[in-house]
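Below, each chain spelled out in residue letters.
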Amino acid sequence: MEEKKIRPQDKWNAKAGLISKSYKLKKELVEEFATACDKAGVSQAGQLSKMMKQFIEEVEALK
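Residues numbered from 1 in each chain as written. Predicted model: local features only at pLDDT ≥ 70, side-chain atom pairs only at ≥ 80, totals over all residues. Heavy atoms only, no water.

Let us now look at the overall build of the protein chain. In terms of helices and strands, the protein chain carries three helices and zero strands. Secondary structure elements in the protein chain, listed N-terminal to C-terminal, are α-α-α. The C-alpha radius of gyration of the protein chain comes to 17 Å, more than 25% above the 11 Å expected for a compact globule of 63 residues. Viewed in the frame of its principal axes, the protein chain has a C-alpha envelope of about 50 × 35 × 25 Å. For the protein chain, the proportion of its 63 residues judged to be buried stands at 3%. Accessible area of the protein chain: about 6700 Å², with a carbon and sulfur share of 58%. Counting 13 positive and 10 negative side-chain charges, the protein chain places the centres of these two groups 4 Å from one another. (Helix = DSSP H or I, 4+ residues; strand = E, 2+ residues; numbered from the N terminus. Rg over C-alpha atoms; globule rule 2.2 N^0.38 Å. Buried < 20%, exposed > 50% of the residue type's maximum accessible area, 1.4 Å probe, protein only. Areas by Shrake-Rupley, 256 points an atom, 1.4 Å probe, with all protein chains shown as cover. Lys, Arg positive; Asp, Glu negative; His and termini not counted. Charge placed at Lys NZ, Arg CZ, Asp CG, Glu CD.)

All right, on to helix α1 (residues 8–16) then. Side chains of residues three or four places apart in an α-helix project in the same direction, reflecting 3.6 residues per turn. Little of α1 is tucked away, with zero of its nine residues classed as buried. One or two positions beyond α1, positive phi appears at G17, with a value near 80°.

Here's what the structure looks like:
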């Protein structure tokens, strides 16, 4: 049986605690978000992370 090789990028992602997520979203919304991120000079992943953290904090504050 052949052993599955781990790509260097996968090894780095695991060490950094990064995972890949897939969401189904409306194409128009995704394109508008990409354009807004470009205009603001921020990465889409960075902005999504920021918004997720803000949402988590808001929900936790309600408890």
